Each structure stands twice: as C-alpha cells, then as structure tokens.
Amino acid sequence: MTPTTSTPGPSAPDSSAPDPSTSVGASAEAPCSPSFADFSDIDGFLRVPRLSSLATGPDGRVVAAIQEADEKGARMVSSLWELDATGEEQARRLTVSAKGESAPRFAPDGSLLFSSARPDPEGGAEDDTAAIWRLPRTGEARVIASAPGGLSLLAVADDGTMLGATSVLPGGTLETDGERRTARKDAKQTTIWHTGMPIRQWDHEIGDESRRLVLVSADGDLTDLTPDVGTVTLYAASADLSPDGATVASSWTQRVRGGETRSSIVLIDTATLRRVALLTADDDAQYGDPLFSQDGNRLAVIRSTASSPTDTSYSRLEIHPIGGGEPVTAQLGDLSIGDVAWADDGTLLVAGDLHSSGAILAVDPATGASRTVAEHGVFSSLAPAADGSVVALRSDIATPSRPVRISAEGAPRELPAPGAVGALPGTLEWVETDVDGINVGGWLCVPDSASAAMPAPVMLWIHGGPHGSYNAWSWRWCPWLAVERGYAVLLPDPAMSSGYGDTGLNRGWPRLPDVVFRECETLFDSVLPRPELDATRTAMLGASFGGFMANWIAGHTDRFDAIVTHAGLWALEQQHRTTDAAASKMRVHQHEDEVPEWYRQYSPHRAAASISTPMLVTHGNRDYRVPVSEALRLWWDLVSAWDGPPETMPHRFLQVTSENHWVLTPSNALAWNQTVLAFCDQHVLGVNPVPDVLPW
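The shown structure was predicted, so the numbers you read here are calculated from the model rather than taken from an experiment. (Residues numbered from 1 in each chain as written. Predicted model: local features only at pLDDT ≥ 70, side-chain atom pairs only at ≥ 80, totals over all residues. Heavy atoms only, no water.)

1. Points about the confidence of the model for the protein chain
- Chain-level pLDDT for the protein chain is 94 on average; 95% of the residues reach the 70-or-more range.
- The lowest-confidence element of the protein chain is strand β1 (residues 4–6), averaging 39 in pLDDT; the highest-confidence one is strand β37 (residues 562–566), averaging 99.
- Taken as a whole, residues 1–17 scores under 50 in pLDDT and shows 52 contacts with residues more than four places along the chain or in a different chain.
- Across residues 20–32, where pLDDT falls below 50, the model places 29 contacts with residues more than four positions away in sequence or in other chains. (pLDDT = per-residue confidence, 0-100. Helix = DSSP H or I, 4+ residues; strand = E, 2+ residues; numbered from the N terminus. Contact = heavy atoms within 4.5 Å.)

This is the structure we're talking about:
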C-alpha cells in the first residue's frame, strides 16, 4: 500500500498532522546559546540542559527551571535561570547548588519562591530535606518554611500566603514528626502497616507516610489543614489555594469496595479547617486537578470517567461556579488535556495533544467555547503573563522543549535559553496510510546518509501509554541517536493514541495488541518500498505498553531481526494483580477465568514457545507500574527454552536496579542507549557482537 506523505503536514486542529517546517526557532536577531549537534556523542547528548518548568512574575519576569547532569552522571540537578522576556538577551543563571532548585513561583511582591534541599546557612531546615526558599530581587536566598518530612509549594495567594504539602509519619503531627522520624531512622525500622489498597505508586510505597496539606504564612508559620487524614486520602492529591487565601480546593481519595478508590473534590476553609464536598465521585466518574480562577469565583477541574471492558477513561475539563450554578464543559474537540492555566482576562488556557502534534486553546468559562491560541507544537508549563501573553515550553519531534512567548500580535517567539539542539542527522517527514478505512499516520526519520545505493535499516517504535502520541522530543527515547547510527525510525500513532478524540482513544480497547500491530505494521510496510530504506534489515522497539507490544509481537511474527522490550508486560494475569494500578487493570480486563479467551490470545507469555527473534529485555527494579517480575519471568522463559549451547543464546537482559519505569540517571541512560544500539547493530547489521561484559 502506497503511503500518503506530507512535508509539511496539514495544520491542526482541522487536519491530521502538524507542520514540521513551522518549528518555532529563535528570531534571527535574537542571540542563541551554543547548540548541540553531535548525535554520535551519547554522553554529550545526555548532558544537554533540559527545560522543565516556567514561571512568570507580576513585573514581567520569566524564570525557568533547567536540569543538567552532574559531573559524574550520577543525577540530574536543577537550577533556576531568568529569561529575557523580550527575547533579545541571553538567559541569566540565578541559583547554584549541589542539591539544585526547582518548582519556581513568584510571590506577589515579585520575589522568587522555589523548592530546594540545599543546606540552610541559618540552620532552620534539615539538610537533604526539601524546604521553601525565597530569593529577593537583590540579596541572598533564605529558607522561609520547612518541615521534617520535606515541604513543597503548591500555590500562592494574593497576600503572600502559601499552600504547601508535606508528609508525616502515620499517627503523628507536625510537632512530633521530627522526633519520631529520628527514632525510626535510628532503629532502622522499615515496616509498613497496610489496611487496604493501594500500597504503591510509581516507584514509592504508600502507607509509610501520611501526606498533609499545610498553610504557610508569609513569615513561614505552618498550619496543618488536614490533621485527620489517613495514608491514602492525599497520597496523589492535587490542590489549589484561592486568591484570597481563604479556601483550599483539593482532590480527596477514598477507598471503596473491591480494592478501588474514588477521588472527589473538597473545599477546606483555611481559618476553621471546616471541610465540605464540592464534587463527589461515584462509580462512573471521579475528579482531580482543581484550579481557581484569578477572581476566585470559578474552579476548573478534570472529570474522568471510569474505564471498563468496553470503554477507556475519558477526561473532560469542567468549570464550576464556586457560589453555585451549573458547570460548563470545555469544548476541546480532539485535544487530549495536558496543562491548564487561568489567564488574567478570565479565559482558561488548555494545552494538550492534537493530531500527532499539539495546541493551546483558550476556553470561554461562561460558554465552554474554545479558540486556538497556538498550534504546530506540543506545549506545556503554561505561564500567563501580566501583559496578556503566554509563556510556555514548546516541543516537537525535531525540537526539545524551548521557552516561547505567545501573544495575539504574531507567531510564538522563542526566548533564548540553554539546551538548544542544532542540525539533526536526518530528515523528518509525516507519513500516513489507510488501514481498514482509518487514516493512520506517523513520523518517519531518515538518516542523511540513506540512498538507493546505501539504504538504511529500519526501526519500528511503538509508543507507551497506550494513550500517548509520538509528537514531541524525548530525552529517554530519542530517534535521532538511532538515525545518527544509520537507522531510519518510524514513529506511528496507532489505535488508542491521544490527540484524536474519544474515538481514537477507544479504538483498539481494551488494549488489543492485534489491532495496534495491524495499524503499525501496515504503515511500516507502506514506507519500506522506498529505495532509501532496506526492508530486509528491521528491528522493533517499545517501552511500557510498547514493551507489551514488543513481547506480544515476538511471539506472533519472525519478521524482525531484533526486538527491544523495556518495562514490558509479559504474563497479564500476573501483572494485572501486581501493578500499582491493579484496581483499574482488573476492572477492565477482569479475571482470567471470566474472559479466558482474551488472556489466551493477548497475554504475551502464552506464545513464548514461538519466539525466535533475538530479544533485548531491559527493566528497572523500582518499577511498580510494570513490576520487574514481568522481566524476570520473561527472562526465565527465554533462557530455559533455549535448547542450544548457553553461549549461543541470542537474548540479553539489561537490569537497571536503581531505576523506576523510566531510566533517568544519566549514567544509566548512557549504558541503556549504548546497549540498545549495540544489540541492534549485532542482530540487524550483523556486526560488533555485544560482549558478555559490557564495556560501558
């Protein structure tokens, strides 16, 4: 089947693909930081500064949090930089410390608030414990509030009062927590008393601490707003403080039957601690991410339906009048909700995935109608400015997150900042094809060296989620490292991808690998006849849901020369009970005795005997979303089934004992990228066998 190609692609939101030629770049007259361009230098690539968040101040200042690897590659360290709001001058670094600084917010007086575990020169905060700091326009930063369990900043009211979050050992108080923590640490006690589910989240335990919301005065005094909560109520809470500081809106999680939880929205009076329910969850929907409007009269929330065997979870952005009245639902079309922020003029800004790219929409809170503010890029960290413009981070497949100022007068303008990337080692093209009457597209990256005389081997990457999209730059899975190595990479957006409305999210539900693979394989086959691509040398790679796809594909086809699976699900009846998301997994997929045919057809381990393709298995020990037991069982099934001499077995396992679902430590990311590329070189190109003991 011949694909339809578009370079540039049609524009969102009325068409199916973004325009890669419209990537926002620094203005011609604006200064630019040195750009990274040597994609053969993986260590150098992993040391490129990365922008993670933005904040705008009442006087027009713009501050960014920027992460960089430390000298040894042992960790990422964040620092704060002031960006020139006009786009004319270079960024200026504001903070330096070994522990780093993050989560910037401006106080009403224009001083900069941030979180850091840096040493307190005045001795008020414990070392290695995050505290809230204040940096004035002139002078040194100082701690303004701390707590034994750490203190993070969630919101700031107009009078300078702050909303923070901390943790307290179960049964304790803010006043007794420090002493109890010291005693527990000295005794090396690590027990956790569980009374229900959940007991884990992502990479940490639930139940060993009780999360609390605290009111922080401008002088740093703490008031526990939730002294009576247990260990589950606020473990994943999102909360906001009204502009007058009188009310906190917070998600409120409660256990229900069958190991499930439901999240409602409560309002807490900061003076009396009186708590009332604003929105109550039920079996059909729950609520989260409350955000007060600038005048405090409205509350934006995300309403999410409960997933089922026939329908995935759908999210709606609702606007609720605080004083009562009917809520308004934002009309977002196909956009999948990402970041939300209130602008000074009372409109609600929403960024998210849209048609293999992204957009920012402005929503009228009275009617729910929306208009496009920006498109052709994935936007995050929305920071409305006092002059009516919006500062945000913008990314696409060819561009890492860059700060841009978006105004009504013209196109987004990039603000100079560290972390720019220069010339890519290949071309980027949007491709699409028809699959059973459905238009399926994806991004194709082809090395500059590829030609009919020297065609490039081709990789098929399948994204995770499954609700995700290949639409933005990734430091963890960057196709340009493979392109530099000589590989072409196809990044499809198949069934269940985000940014294609409810229909796109639900197509292929409940997580049907045959539907996803048919769409990916059809698009893959549609580009392989190109003379610059070598259809005889191919690999397939994926992580999380993509890792599940890799595992399933390995048992259902031998068309690939190598398969790389990271954090992949293997034995579904095992994974569905051991993941930190067990409740939703069992609700959707049910017990294997109830739907035996589904498990027989779709659990990858059922086809283990059919695997003949060399597999590289990679997994982190601290992964609670897809527990490492999945990789351990897969590895046993591969090794025990190999009937040749052990030294001839082609499969390999890269275990990363300190990582979670992602590989985040720079040194581990370096080893992971080198291993993946070396494994593909060996089995796709037939060169450079990976040694038994890795040299990196």
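2. So, the side chain of T675
- With respect to the secondary-structure elements, T675 resides in helix α11 (residues 666–685).
- Taking relative accessible area as the criterion, T675 reaches 4% and is therefore assigned buried.
- From its side chain, T675 meets the backbone oxygen of A671 in a polar contact 2.7 Å long.
- Residues in contact with T675, not counting those within four places in the same chain, are L616, L654, L694 and W696. (Buried < 20%, exposed > 50% of the residue type's maximum accessible area, 1.4 Å probe, protein only. Polar contact = N/O pair within 3.5 Å; in protein donor to acceptor, adjacent residues only side chain to side chain.)

3. Concerning the packing of aromatic side chains
- One pass over the structure, following the stated rule, counts 16 aromatic pairs.
- Seen in terms of ring centroids, W598 and Y599 are 5.2 Å apart; in terms of plane orientation they differ by 75°. Their pairing is edge-to-face.
- Here W598 falls in the buried class, since its relative accessible area comes to 14%.
- Through a chain of ring-to-ring contacts, three or more aromatic side chains come together here, namely F36, F39, F45, W473 and W475.
- It is R118 that lies over the ring of W133; its NZ or CZ is 5.0 Å from the centre.
- Above the face of the W662 ring, R476 is positioned so that its terminal group lies 3.9 Å from the ring centre. (Phe/Tyr/Trp six-rings, centres within 6.5 Å; stacked < 30°, edge-to-face > 60°. Lys NZ or Arg CZ within 6 Å of the ring centre and 35° of its normal.)

4. Notes on unusual backbone geometry
- Going from M197 to P198, the amide bond is cis rather than trans, its omega being 0°.
- Looking at where P198 falls in the secondary structure, it is placed in the loop between α2 (174–186) and β12 (200–201).
- Between W509 and P510 the backbone carries a cis peptide bond, its omega angle lying at 5°.
- Positionally, P510 belongs in the loop between α4 (501–506) and α5 (513–527).
- The phi torsion at A567 lies on the positive side, around 50°, for a residue other than glycine.

5. Let's talk about the packing of α5 against helix α6 (residues 545–554)
- Where α5 contacts α6, the two axes come as close as 10 Å, and the packing angle between them is 90°. Between α5 and α6, the angle is such that the two are roughly perpendicular. On the side of α5, the interface is formed by P513, D514, V516 and F517, while α6 contributes F545, F548, M549, W552 and I553.
- Split into classes, the residues belonging to the contact of α5 with α6 amount to eight nonpolar, no polar and one charged. (Axes fitted to C-alpha atoms, helices over the stretch in contact; angles between N-to-C directions. Parallel < 35°, antiparallel > 145°, perpendicular 65-115°, else oblique. Nonpolar A, V, L, I, M, F, W, Y, C, P; charged D, E, K, R; others polar.)

6. What to know about the layout of surface pockets
- Counted as a void, the second largest pocket has a volume near 1700 Å³.
- Where the lining of the second largest pocket is concerned, the elements lending two or more residues are β2 (50–56), β6 (101–106), β10 (152–156), β16 (239–241), β20 (285–292), β21 (298–305), β24 (336–342) and β28 (378–384).
- For the lining of the second largest pocket, a count of residues per class yields 32 nonpolar, 10 polar and seven charged. (1 Å grid on protein atoms, 1.4 Å probe; cavity = no way out; pocket = protein on both sides within 12 Å on 5 of 7 lines; lining within 4 Å. Points joined across faces, edges and corners; volume = space filled by probe spheres on them.)

7. Some words on the environment of L382
- Turning to its location among the elements, L382 is positioned in strand β28.
- Among the residues examined, L382 registers a relative accessible area of 10% and is labelled buried.
- For L382 and W342, which are 40 residues apart along the polypeptide, the C-alpha to C-alpha distance reads 9.2 Å.
- Filtering out sequence-adjacent residues up to four positions away, L382 remains in contact with D339, A341, L349, V350, A351, I360, V390, V391 and A392.

8. Here's the deal with the pairing of strand β22 (residues 315–321)
- With seven bridges joining them, β21 and β22 adopt antiparallel strand pairing. The residue bridging V301 from the neighbouring strand is E318, located in β22.
- Taken together, the two bridges between β22 and strand β23 (residues 328–329) define a ladder with antiparallel strand orientation. Its bridge partner lying in β23, I319 is registered against V328.
- Between β22 and β23, which follow one another and run antiparallel, lie six residues, and G324 among them has a positive phi close to 105°. (Pairing = 2+ DSSP bridges.)

9. Let's talk about the pattern of salt bridges
- Per the counting criterion, the structure on display carries 33 salt bridges.
- Two residues, R181 and E209, come together in a salt bridge whose shortest N-O distance is 2.8 Å. You can see R181 sitting in helix α2 and its partner E209 sitting in the loop between β13 (204–205) and β14 (210–216), a full 28 residues away along the chain.
- Residue R181 is classed as buried on the basis of its relative accessible area, which comes to 18%.
- Residue class for E209 comes out partly exposed when judged on its relative accessible area of 28%.
- Here R212 makes a salt bridge to D224, at a shortest N to O gap of 2.7 Å. On the criterion of sequence distance, the pair formed by R212 in strand β14 and D224 in strand β15 (residues 222–224) is long-range, its members being 12 residues apart.
- We classify D224 as buried; its relative accessible area is 14%.
- In this structure, a network of salt bridges that share partners links the residues E260, R262, D283 and R587. (Salt bridge = Lys/Arg side-chain N within 4 Å of Asp/Glu carboxyl O.)

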